[in-house]
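# Residue-level structural notes
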Amino acid sequence: MQTLILIVTLLVMMGVLALIMRAVLATEGPEPSANAPKTRSKVIWSMVVLGLVVSVTSLREWPHTQAGGDALVVNIESGQWWWDTDTTEIPLGQQVEFRVTTEDVNQGLGIYNSDMQLLVQVQAMPSYTNKVVYTFEEPGTYQILCMEFCGIAHHAMTYEFDVVEAGA
Ligand SMILES: [Cu+2]
């Protein structure tokens, strides 16, 4: 899907560029000064080069990784005010696709490491299953905390799971 969006965006950009070049190279209309075409051309090409430089240097990885075929699927259910998963042990280095939903109100799933650094987050929404993909590179105990104020016991909405080395 992202590739398709990228290709469509590129085609639109090429179309706009073709229109600009056509306007720049137009021979009809009032007589411009002798240097006008050169100046216009320099401005246009400067903008094109600047646009390319900014675009290329600001490229980042897609924010949401797609799960590979061998990803471990972990379902996370939630509600006021609880989390539940179908496993509390996740293998180290294994790509995990979390499928997250809630039975009542919106919750914010946040996964934290033992230093309470937020690693990954996704919204838990009623009637939807949102996916987020993550690979744990450190063994240990991880916390799930709710990141969306969801009622009186929101603060108590915590959960734990372990990341364990294979065969441990
Ligand atoms: Cu909450």
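Structural notes, computed from the coordinates.

Calculation criteria
Residues numbered from 1 in each chain as written. Predicted model: local features only at pLDDT ≥ 70, side-chain atom pairs only at ≥ 80, totals over all residues. Heavy atoms only, no water. Helix = DSSP H or I, 4+ residues; strand = E, 2+ residues; numbered from the N terminus. Rg over C-alpha atoms; globule rule 2.2 N^0.38 Å. Contact = heavy atoms within 4.5 Å. Areas by Shrake-Rupley, 256 points an atom, 1.4 Å probe, with all protein chains shown as cover. Lys, Arg positive; Asp, Glu negative; His and termini not counted. Charge placed at Lys NZ, Arg CZ, Asp CG, Glu CD. Pairing = 2+ DSSP bridges. Axes fitted to C-alpha atoms, helices over the stretch in contact; angles between N-to-C directions. Patch = residues over 30% accessible without salt bridge, like charges linked within 9 Å, V, L, I, M, F, W, Y side chains within 5 Å. Salt bridge = Lys/Arg side-chain N within 4 Å of Asp/Glu carboxyl O. Core = buried A, V, L, I, M, F, W, Y, C linked by side-chain atoms within 4.5 Å. Buried < 20%, exposed > 50% of the residue type's maximum accessible area, 1.4 Å probe, protein only.

### Description of the overall build of the chain
When helices and strands are tallied, the chain shows 2 helices and 9 strands. Going from N to C terminus, the chain has its helices and strands arranged as α-α-β-β-β-β-β-β-β-β-β. Its C-alpha atoms give the chain a radius of gyration of 25 Å, clearly above 15 Å, the size a compact globule of 168 residues would have. Taken over the C-alpha atoms alone, the chain extends approximately 75 × 40 × 30 Å along its principal axes. Sequence separation of at least 24 residues holds for 62% of the intrachain contacts in the chain that already meet a minimum separation of 6. When the accessible surface of the chain is summed, it comes to about 11,500 Å², and 59% of that surface belongs to carbon and sulfur atoms. Averaging the coordinates of the 7 positive side-chain charges in the chain and doing the same for the 18 negative ones gives two points 32 Å apart.

### Digging into the sheet that holds strand 7 (residues 130-135)
Strand order in the open sheet made by the 4 strands is 2-1-4-7, with mixed pairing throughout. Of all strands in the sheet, those bounded by a partner on one side alone are strand 2 (82-85) and strand 7. Neighbour-to-neighbour, the strand axes of the sheet open up by a mean angle of 25°, direction not taken into account. Pairing analysis gives 6 bridges linking strand 4 (residues 95-100) to strand 7, with the strands arranged antiparallel. Across the sheet, Val96 pairs through a bridge with Tyr134, a residue of strand 7.

### A few points about the sheet that holds strand 5 (residues 107-112)
Spatial strand order, 3-9-8-5-6: 5 strands in an open sheet with mixed pairing. Each end of this open sheet is capped by a strand with a single partner; those strands are strand 3 (89-91) and strand 6 (118-124). Taking the axes of each pair of neighbouring strands and ignoring which way they run, one obtains an average angle of 25° across the sheet.

### Points about a nonpolar patch on the surface
On the surface, a nonpolar cluster with roughly 650 Å² of combined accessible area is contributed by Met1, Leu4, Ile5, Val8, Val12, Val16 and Ile20. With respect to the element layout, Val12 can be found in helix 1 (residues 2-24).

### Quick look at the nonpolar core
Counting residues in hydrophobic clusters, the biggest one holds 22 residues, and the most contacted among them are Phe98, Ile111, Phe136 and Phe161. Listed by contribution, the elements that provide at least two residues to this core are strand 1 (72-79), strand 4, strand 5, strand 6, strand 8 (140-146) and strand 9 (158-164). Sequence-distant contacts of Phe161, that is, excluding residues within four places in its chain, are made with Thr88, Ile90, Phe98, Ile111, Phe136, Gly140, Thr141, Tyr142 and Ile144.

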